[in-house]
Amino acid sequence: MNFDPNDPRWTDWKWQHANSCKDLDTLNRWMDSAGQSASFDPGQFNELTTNYRMGITPYYFSLIQQFNASDPIYRQIIPSSHELMIQPEELKDPISDENPARGSRPLKTLIHRYPNRVLLLPTAQCAVYCRFCFRKRLVGDTAHNASKEDLQAAYSYIKQHEEIEEVILTGGDPLTLGDRSLSTILKRLEEISHLRLIRIHTRLPAVNPYRLTPELGQTIASLEKPVWISTHFNHPHEISTIAGQQINTWVQRGIPFLNQSVLLQGVNDSAQVLKELFMGLIEIKVKPYYLHQADLVQGTGHLRVPVKKGLELLRKLQGEIPGYALPHYVLDRPDGMGKIPLQNQYYDTIKHTED
Ligand code: SF4
C-alpha cells in the first residue's frame, strides 16, 4: 500500500491496523510518498527487524515532521542501527515479568505482582512496535496471544483470589482486539463481584486514535465497574487534534483517562518538551500519571536518559506547571518487585534551613 492520508478509509481503525508498515519495501514506498529518499541498508534492516519487528500505522507515520532520528516520532518507531549494540547490563526481561522465583506469573496470561491487582495479557499484538518497548521479547508474537482456555484460567484465578480488587488489561495492546473479544473479556470481569476496578493500558489513542469508536465507548461506559484508560503519549506531537477529539468523545461518556510516558533520549528529555506534553495532556483531559525511567531493555541504550538528568528535569518542572499535571517519576525494579518512586530530596533542604 502507498502512503496516502487522503485515502477514504483513513479514519477506519481496522484499516489503519491492517495497513501498517511492517517491511522495508513498504517503508521505502511511504518515505517516497512523503518526498523522502530512504537510505536503509537492506541487510542491516533485515537483521534489525528479525531481532524486533517493525510496525507503524499510517496515522502515526503521518505525525513525522522530519525524516531522521532528530524527529521524536521517527526516533520512537523507525529501527536504528544502535539497537544492535547490546550493553552488558541490558536484559531481555528487564522487570522480571517471567521470573518464577518471584511467583509473579501464575499463568501464561496473568502477572500477579501486587496483592490487590493483577495484569491480564489477552493479546501480544500492538498497533505499532515502539523501539524502546520493555516487552519487546514477546510483543507481536502470536504464540503469546491468549486462547479462550487461557482467559478462562485467568478468570478462575481472579475469582479464587478475593484479595484482587483491580484487573489491568495490558499486553501487547488490548485495544487491538475487536469489539466482540474485548466486550466478552470486560463482561466476564464485570461478573466477578470482588473486583472493584478495571484498567486498560493502551497506546492506541496516540498511534491510532480512530480506535476510540462510539460503539466501544458505549460498551465501556455501560459497565457498572469503573474502567480507567491508561494511555501512552511521549511527545506533544502525538497530541494531535484528532487524538484530543477522540479522547473527548469517551471522556464525555464519563470514561476517565490517565497517561504513562517513558523518558526517552532525543524524544522528551527536555523540560520544555515535558512541560508541553504534560500541559497538552491536561488540556485534553488526560491526567499525567507516571513518567517511567526507561527499562534496561537490550538494544535501547541510545534511548535511555540517566536518572540524574531525569531528576533535574522534574526539578525544573516543579512550580512551572500545576501539581496535578506533574506525573510520578518511577523506575521498575529489575527484580520484578515493582516500582520505585524517584524523587528529589526536597525534605532534606527544608530540614537544613529549619534546623
Ligand atoms: S504499544 Fe506498548 S507494548 Fe506495544 S510496543 Fe509500544 S510500548 Fe510495547
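In what follows, the structure referred to is the one given above.
Attention in this report is confined to the structure presented alongside it. Note that the structure is predicted; figures quoted are calculated from it, not measured.

### Quick look at the pattern of salt bridges
- Counted according to the given criterion, the structure contains 13 salt bridges.
- When the shortest N-O distance is used, the salt bridge between arginine 304 and glutamate 90 registers 2.8 Å. Within this pair, whereas arginine 304 is found in the loop between strand E7 (287-293) and helix H12 (307-317), its partner glutamate 90 is found in the loop between helix H5 (72-77) and strand E1 (110-114), the two being separated by 214 residues in sequence.
- Two residues, arginine 211 and aspartate 179, come together in a salt bridge whose shortest N-O distance is 2.7 Å. In this pair, arginine 211 sits in the loop between helix H8 (204-207) and helix H9 (214-221) while aspartate 179 sits in helix H7 (residues 179-190), placing the two residues 32 residues apart along the sequence.

### Re the nonpolar core
- Residues Leu27 and Leu189 are the most contacted members of the largest nonpolar core, which totals 89 residues.
- The element that contributes the greatest number of residues to this core is helix H6 (residues 148-160), accounting for five residues.
- Beyond its immediate stretch of four places on either side in the chain, leucine 189 contacts Leu120, Tyr155, Ile158, Val167, Leu169, Leu195, Ile198 and Lys225.
- Counting seven residues, the second largest nonpolar core, distinct from the first, contains Tyr129, Cys133, Leu138 and Val139.

### Some words on the sheet that holds strand E4 (residues 197-201)
- The strand order across the open sheet built from nine strands is E1-E2-E3-E4-E5-E6-E7-E8-E9, with neighbouring strands paired in mixed fashion. The sheet is open, and its two edges are formed by E1 and strand E9 (339-341), each paired on a single side. Within this sheet the neighbouring strands show an average axis-to-axis angle of 25°, counted without direction.
- Pairing analysis gives three bridges linking E7 to strand E8 (residues 328-332), with the strands arranged parallel. Residue leucine 291 lies in a different strand from E8, and its bridge partner there is tyrosine 329.

About the criteria used
- Residues numbered from 1 in each chain as written.
- Predicted model: local features only at pLDDT ≥ 70, side-chain atom pairs only at ≥ 80, totals over all residues.
- Heavy atoms only, no water.
- Salt bridge = Lys/Arg side-chain N within 4 Å of Asp/Glu carboxyl O.
- Helix = DSSP H or I, 4+ residues; strand = E, 2+ residues; numbered from the N terminus.
- Core = buried A, V, L, I, M, F, W, Y, C linked by side-chain atoms within 4.5 Å.
- Buried < 20%, exposed > 50% of the residue type's maximum accessible area, 1.4 Å probe, protein only.
- Contact = heavy atoms within 4.5 Å.
- Pairing = 2+ DSSP bridges.
- Axes fitted to C-alpha atoms, helices over the stretch in contact; angles between N-to-C directions.

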